[in-house]
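Residue-level listing of the chains:
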Amino acid sequence: QYLQGLNVQLDDIQSFLAESREHHQDAVKSSQELGQTVRGDVAKVEVSLSESDNLDQLKQSVRGQLSDIVKAVDRYRAEQTARETKAEQRLVHLQEQIQEMEQKAAVVQGHLEEQRLRALSDPLTGLPNRAAYDECIANHRTQSLANQTPLTLVVADLDHFKQVNDGFGHLAGDKVLRLVAKILRGGLRESDVICRYGGEEFVIVLPNTDVKNALEVMEKLRRVMEQSPFNFKGKPVKVTMSFG
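Residues numbered from 1 in each chain as written. Predicted model: local features only at pLDDT ≥ 70, side-chain atom pairs only at ≥ 80, totals over all residues. Heavy atoms only, no water.

## Comments concerning the side chain of threonine 209
- As for its placement among the helices and strands, threonine 209 is situated in the loop between strand 3 (201-207) and helix 6 (211-227).
- Side chain to side chain, threonine 209 and arginine 189 meet in a polar contact 2.7 Å long.
- Excluding residues within four positions of it along the chain, threonine 209 makes contact with Pro150, Leu151, Thr152, Arg189 and Ala214. (Helix = DSSP H or I, 4+ residues; strand = E, 2+ residues; numbered from the N terminus. Polar contact = N/O pair within 3.5 Å; in protein donor to acceptor, adjacent residues only side chain to side chain. Contact = heavy atoms within 4.5 Å.)

As structure tokens, then:
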């Protein structure tokens, strides 16, 4: 719909440019006609000056020819003013259309960005998904190699998650996944990236982090996960996680 509207507005712009060329051609033509009229009337004045032998007759003749010149100039000015007024009105209309196009373009761009983010987000946990991870790891790896800084990749997997789904149902499983995502996100730095890779599998990208420091962080997260009081409908749900 946006592109169809854009086509209509672009057609209007094209029409305006065509009209502008026509107005210019009309203005040139009117100017030429005015010049011819004035030259013709001036020539008549010269004839009157040379042929008239009566002062009153000469005055009347010159007055009439000057009146014709004034009329021709006034007519030219009126036509020019009408062309300029019409062009100015059309230009204002086009400016409004361009502003509308810009506003619509901004809305469409916002929608596209929203759709892009949705395409890169896991709807259940709100974390970046596998597609986002593929993009993220490539960028971080390039930066790590260029800057000669450490980069650690962690794979995390919920232990025996199938038992949670089988014993408590998929609603419980979904709740566990959301809570796990919240715990993991809360235990990481802002610069760290955590993605849901699929099912109960998560990947964590730790820039500027060597393996030793990564192990310490992951061990803390593992203990927090193990000690978190998961429950579903009043029943405790044991959840542990392995990291590598």
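From this point on, the discussion continues.
## A closer look at the nonpolar core
- Core analysis: the largest hydrophobic core is formed by 27 residues, its most contacted members being Val176, Val180 and Phe202.
- Within the residue set of this core, elements represented by two or more residues are strand 1 (151-158), helix 4 (161-168), helix 5 (170-186), strand 3 and helix 6.
- When sequence neighbours within four positions are dropped, the list of residues in contact with valine 180 reads Leu158, Phe202, Met225, Phe230, Val239 and Met241.
- Counting residues in hydrophobic clusters, the runner-up holds seven residues, among them Cys136, Ile137, Val193 and Val203. (Core = buried A, V, L, I, M, F, W, Y, C linked by side-chain atoms within 4.5 Å. Buried < 20%, exposed > 50% of the residue type's maximum accessible area, 1.4 Å probe, protein only.)

## So, the pairing of strand 1
- In strand 1, alternate side chains face the same way, and those of Thr152, Val154, Ala156 and Leu158 are buried while those of Leu151, Leu153, Val155 and Asp157 on the opposite face are not.
- Pairing geometry for strand 1 and strand 6 (residues 241-243), over three bridges, is antiparallel. Note that in strand 6 the partner of aspartate 157 across the bridge is serine 242. (Pairing = 2+ DSSP bridges.)

## Focus on the layout of surface pockets
- Estimated volume of the largest pocket: approximately 180 Å³.
- In terms of residue class, the lining of the largest pocket is made up of seven nonpolar, two polar and two charged. (1 Å grid on protein atoms, 1.4 Å probe; cavity = no way out; pocket = protein on both sides within 12 Å on 5 of 7 lines; lining within 4 Å. Points joined across faces, edges and corners; volume = space filled by probe spheres on them. Nonpolar A, V, L, I, M, F, W, Y, C, P; charged D, E, K, R; others polar.)

## Observations regarding unusual backbone geometry
- Positioned with a positive phi, glutamine 148 is a non-glycine residue whose angle comes to about 55°.
- By secondary structure assignment, the location of glutamine 148 is in the loop between helix 3 (130-147) and strand 1.
- Its relative accessible area of 68% is what places glutamine 148 among the exposed residues.
- The phi torsion at asparagine 208 lies on the positive side, around 55°, for a residue other than glycine.
- With respect to the helices, strands and loops of the structure, asparagine 208 is situated in the loop between strand 3 and helix 6.

## Focus: the side chain of histidine 140
- Looking at the secondary structure, you find histidine 140 in helix 3.
- The contact partners of histidine 140, leaving out residues within four places of it in the chain, are Leu151, Val193, Val205 and Pro207.

## Points about the pattern of salt bridges
- This structure, assessed with the given rule, holds seven salt bridges.
- For lysine 104, the salt bridge is made with glutamate 100, and the minimal N-O distance between the two is 3.1 Å. Here the residue lysine 104 and the residue glutamate 100 both occupy positions in helix 2 (residues 55-119), the gap between them amounting to four residues, near one helical turn.
- Linking aspartate 192 and arginine 189 is a salt bridge whose minimum nitrogen-to-oxygen distance equals 2.6 Å.
- You can call arginine 189 partly exposed: its relative accessible area is 38%.
- Among the ionic contacts, a cluster of salt bridges with common partners joins Glu219, Arg222, Arg223 and Glu226. (Salt bridge = Lys/Arg side-chain N within 4 Å of Asp/Glu carboxyl O.)

## Looking at helix 4
- Of all the residues in helix 4, the buried ones are Phe161, Val164 and Asn165. The buried residues of helix 4 all sit within an arc of 95° when viewed along its axis, so they share a single face. Residues of helix 4 that are exposed and point more than 90 degrees away from the buried face comprise Lys162, Gln163, Asp166 and Gly167.
- Buried-residue contacts for helix 4 involve strand 1 and helix 5.
- Backbone geometry just after helix 4 places glycine 169 at a positive phi near 100°. (Arc of directions from axis to C-beta.)

## Some thoughts on the packing of aromatic side chains
- One pass over the full model with this rule turns up one aromatic pair.
- An angle of 80° between the planes, with centres 5.6 Å apart, marks the rings of tyrosine 133 and tyrosine 197 as edge-to-face. Within this pair, whereas tyrosine 133 is found in helix 3, its partner tyrosine 197 is found in strand 2 (residues 193-198), the two being separated by 64 residues in sequence.
- Tyrosine 197 gets classed as partly exposed once you look at its relative accessible area, which sits at 27%. (Phe/Tyr/Trp six-rings, centres within 6.5 Å; stacked < 30°, edge-to-face > 60°.)

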